[in-house]
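So the chains spell out like this:
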Amino acid sequence: MASSHGSSPVPRAGPGGIYRKERDTPPARCRSARSLPDVCPTEPTGGGRGLCDGPSVVAEHDRWTVYSSKVNLPAALNDPRLAKRESDFFTKTWGLDFAETEVMPSFYLPNITREHFGPYLQETAQKERIHERCKTICPNKDDVDAASSVDANHEKSRAELEQVPKIFMRPEFALEDSATFSSVLPWSHFNSAAGKSSRDVASSKLLQEKLSHYLDVVEVSIARQISLRSDAFFHAMSSQHELQDRLQETQRAVAVLRGRTAAIDGIMCRGPLQALRTALTRNNCARLHNKLKLMAAVHQTQPTVQLLLSTSEFVGALELISTTKEVLQQELQGIHSFRHLGSQLCELEKLIDKMMVEDFSMYARSDLNRSLRDEPLVQEKERLESLVFGLLRQRKLDFLDIYCDEMILAAKSIVSLCVAENVLNIEDIDTEVVTKLADQMRLMTFPQLFELLKNIFESFLLFLQRIKATLSVIKGVVLEVLSSNQRLRLLEAGAGSDPEAPRGPSLPQGEAELAYLTHEGLFISDALNQAQQQAAREHSPPGGSGAQQSRAEAPGGDSAREQSFVSAETTMPSDPELNRVINNLQELLHTASDVSHDRCVKVLAARAKDGSLERLSSAEFVCLSRAVEAFVGDTEELCSRRSVSLRGALQSQANRFVHRFHDERKTKLSLLMDNERWKQADVPAEFQDLVNSMADGRISLPERKIPGPEDRKPADFLLVNGQKYAVVGTVLLLIRIFLEYCQCVNDIPSIATDMLTRLSDLLKHFNSRTCQLVLGAGALQVVGLKTITTKNLALASRCLQLVVHYIPVIRGHFETKLQPKQYSVLRHFDHITKDYNDHVAEISAKLVAIMDSLFEKVLSKYEVKAPMPSACFRNVCKQMAKMHEAICELLPEEQTQMLFLRINASFKAHLKRQLARLGVVNDGGPQHGLVGVDVAFYTENVQVLKSLDQLDLHMAEIWEQKR
């Protein structure tokens, strides 16, 4: 629209001090008029400048005339492509292609919705309904007239347009089509063979008039439509004039603005902009200088890393690589000369990872395989801490698996080394002939094997102590990293909650970058301290420079380590991962304990393969069990782990030992009983002492005494709590046997349940075998006894009573060794006690039965006649005296009295039956007197026996009661 070619480039001051541009005199020749953008949306604008044709606030615009328009006004107003007439045609904001643009809503006006009019609509709803009802009932007259006129005109135009044939209204109407042309202009009427006649001329005139009529109808309809839109046309014209006036005002305002802008540009903008441009150039040069120094420092990264790796400073090398990668990504991104440095650093970091893993593996191997008695427990502690910190920094959290593998290999070598050392001291084993360790261990005697086991146990305890010390160092590093992470989080939380807190002087950007790397090869902390000192000298007053410098030089080795934690905070594992590492350390210690126990189990298994451990004596097995229990207890205290493998192997071996132990004792007891002649045996003094110690509460085997001349002679009876027991030799050995069982339980508490079951079986076996040999008369065939006498029966009963006396003692001893949930097995003793008491009762009944059969045989021949006392009663008293003589020294008085009361009851029953058969009654007659003499003789002979003088025989019960 406007051009700036005619304006002067130099502004000149006018009246009032306002700078204005002088206008050049237009040339005399006619200039080609520039056109406005086309009003039609789809036509091209015709101008070649495009968007550059917009108004300029600096250049002067050309004046627009009507000749600049390319489309006439009627065509613009009657554009058939527009859906409706637009009232603001000349005043709206046009786009480049005259497309309608959406006006952005104002931010200062609220968004009005229908809800804002809700109260008003509710108030006027009733009135509106009444108004609409009134309009329906009586419409407005003007509206009715206007509507009727419009309808009449519309009907008239429709009737006129209907006169026009439909073919002219079709969309596909085209005179180029021969069929359409023939239907509109039938030339067949004009091209007849006879030539043109007057009729044809009339027809052509008629056709011409008809077509002219159709044209008039259409033009009248078009004119009517134009007349209906005349208001819009005049409104557009008035808008056009108003638009021209506003454009003129705008042109004048733009000219004033252009002049003022040119003055501001020359006076206020060019100088300050030049100063800013110079400052920006200086800053860019400073930044470029810093970048170049930073590039020089980065260029020295790889040699510095190689130097650090040569001294095994893995943490420093990783720190330098991480910082360099961060600088490359943030500060030197896009530098062409460093395009391969990032990948090289990544490869170098991977190489360091492999080196650290290999170095840690070598450290673990050398530490675990060195002599167990070397000091200190942890070798090269600083090297271990550095390796662990580097591995944690690289998130190589599986380094404990490497240590675990090396630990297992070291545990295997410990066993091999101990066996080899012990075999060298044994001359009976030729290592050139017997090469396998298991075979060498089987050739050892028990003392040699026991010495080997003690050596292995001691070695494994030292091995576990070393592992625990090493894991404690690793745990200390992990805890230090964990506490450092927590302190960093607390500092970040404090800084976030107090943003106004005073901070130290910020370093310039170049110096902050140099705090990471310097081209002289300085470490990070040194470069950072130099940058801080320089910043402190710049910001501090002259008098305080010394204090600032002294504070800058204060940090030592501890601060350097803290800085290494801080710089690695983004690469260190998270707190859950560190806690998982701590748990894995404890699990690794438990694994070490389990591995040690497993290797010891394999040693025992190799020795027990030929059954040699089962053939150990009880004392040897007790020594082995105590050594194993001591080792297990030490490892539990050291590792806080209850390992079950070694205890399980010992328990399995103990079960085999118990089985063999029980079989040996049971076989021994069976042999003793098969050779027992059931005669009263003398009681050696050692057995009396054994019983006395049991009475004092010591349920264990006493130590063997060296026989001397002052030893006591054997006694006839065994004294238990002041009561005499006549026993056979088998029972004495049985007491010693069940004391051996109790002693094994004392030494090996884990076999208490199994040992109780076996002891119950042994007691049952003794009871049943006694019953077979005595009551069942098995001793007649086994030993060759002629008969089972009453003395044998009384002796067997007394032996059984002695065992019954000690069953509660044994039960109480086992109860102290059992867990409360195992008390149910104690019911075996109740069953055994009942069986023994039943057996004793059966023996007593057998004694009574013997006398009962005698009474029946003798009294069946009894006759009441002189002389008195009769031979029958003499025989009975003789047999009673023999019975008393046989048992009085074996059974206590109470049992003897109870037994003779039962015998007396049997005698009275048989005598009463015989008297009833003989018809002798208590009538004071001669026969009654004779019977009384025999009964008096019987009573006198019975009461004269030892301990039976006070026995009331109740002989009056032999007579039938009178009715």
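The rules behind each value
Residues numbered from 1 in each chain as written. Predicted model: local features only at pLDDT ≥ 70, side-chain atom pairs only at ≥ 80, totals over all residues. Heavy atoms only, no water. Helix = DSSP H or I, 4+ residues; strand = E, 2+ residues; numbered from the N terminus. Buried < 20%, exposed > 50% of the residue type's maximum accessible area, 1.4 Å probe, protein only. Contact = heavy atoms within 4.5 Å. Axes fitted to C-alpha atoms, helices over the stretch in contact; angles between N-to-C directions. Parallel < 35°, antiparallel > 145°, perpendicular 65-115°, else oblique. Left-handed = near helix turned anticlockwise from the far one by under 90°. Nonpolar A, V, L, I, M, F, W, Y, C, P; charged D, E, K, R; others polar. Core = buried A, V, L, I, M, F, W, Y, C linked by side-chain atoms within 4.5 Å. Expected span 1.5 Å × (residues − 1). Phe/Tyr/Trp six-rings, centres within 6.5 Å; stacked < 30°, edge-to-face > 60°.

Regarding the overall build of the protein
When helices and strands are counted, the protein shows 29 helices and 4 strands. Counting every position in the protein, which comprises 963 residues, the buried fraction comes to 35%. Partitioning the intrachain contacts of the protein with sequence separation of at least 6 by distance along the chain shows that 78% fall at a separation of at least 24.

A closer look at the packing of helix α26 (residues 827-859) against helix α27 (residues 871-887)
Relative to each other, α26 and α27 sit at 165°, their axes nearing to 10 Å. Judged by the angle between their axes, α26 and α27 are roughly antiparallel. For the crossing formed where α26 meets α27, the hand is right-handed. Contacts between α26 and α27 involve L847, M851, L854, F855, V858 and L859 on the former and, on the latter, C872, N875, V876, Q879, M880 and M883. In the contact of α26 with α27, the residues fall into 10 nonpolar, 2 polar and no charged.

Observations concerning the side chain of T180
Here T180 lies in helix α4 (residues 178-184). In this structure T180 touches I167, F173 and A174, once residues within four positions along its chain are discounted.

Focus on the nonpolar core
Among the nonpolar cores identified, the biggest contains 197 residues, and F463, I735, F814 and Y938 are the most heavily contacted of them. In terms of residues, this core owes the most to one element, helix α13 (residues 446-497), which gives 20 residues. Apart from the residues within four sequence positions on either side, F814 is in contact with C742, V745, A752, M755, L756, L759, L826 and F829.

As for helix α28 (residues 893-918)
At 3.6 residues per turn, the α-helix brings residues three or four places apart onto the same side. Given a rise of 1.5 Å per residue, 26 residues ought to cover 38 Å, and the 36 Å separating the end C-alpha atoms of α28 matches this to within 8%. If you check which residues of α28 are buried, you get T896, L899, F900, I903, N904, S906, F907, K908, H910, L911, Q914 and L915. On its buried face, α28 is in contact with α26, α27 and α29 (926-943). Downstream of α28 by one or two residues, G919 has phi in the positive range, about 80°.

What about α29?
Between its first and last C-alpha atoms α29 spans 26 Å; for 18 residues at 1.5 Å apiece the expected length is 26 Å, and the two agree. Residues of α29 that are buried: V931, D934, V935, F937, Y938, T939 and V942. Each element contacted by the buried residues of α29 is listed here: α27 and α28.

Comments concerning unusual backbone geometry
Omega for the bond connecting M868 with P869 falls within 30 degrees of zero, at -5°, which places this linkage in the cis form. Structurally, P869 is set in the loop between α26 and α27. Even without a glycine there, the phi angle at S640 is positive, about 55°. Considering the arrangement of structural elements, one finds S640 in the loop between α19 (618-639) and α20 (645-674). Judged by its relative accessible area of 58%, S640 is exposed. You will see that W678, though not glycine, has its phi angle at about 55°, which is positive. Looking at where W678 falls in the secondary structure, it is placed in the loop between α20 and α21 (685-695).

Things to note about the packing of aromatic side chains
Taken as a whole, this structure holds 14 aromatic pairs when the rule is applied. Ring geometry for F457 and F631: centres 4.5 Å apart, planes at 15°, overall stacked. Separated by 174 residues along the polypeptide, F457 in helix α13 and F631 in helix α19 bring together distant segments of the chain. A relative accessible area of 2% places F631 in the buried class. Centroid distance F460 to F463: 6.3 Å. Interplanar angle 75°. Geometry classified as edge-to-face. Taken together, the residues span about one helical turn, with F460 and F463 both in helix α13 at a distance of 3 residues. When its relative accessible area of 0% is taken as the criterion, F463 is described as buried.

Spatial relationships are all this shows, so hold off on functional conclusions.
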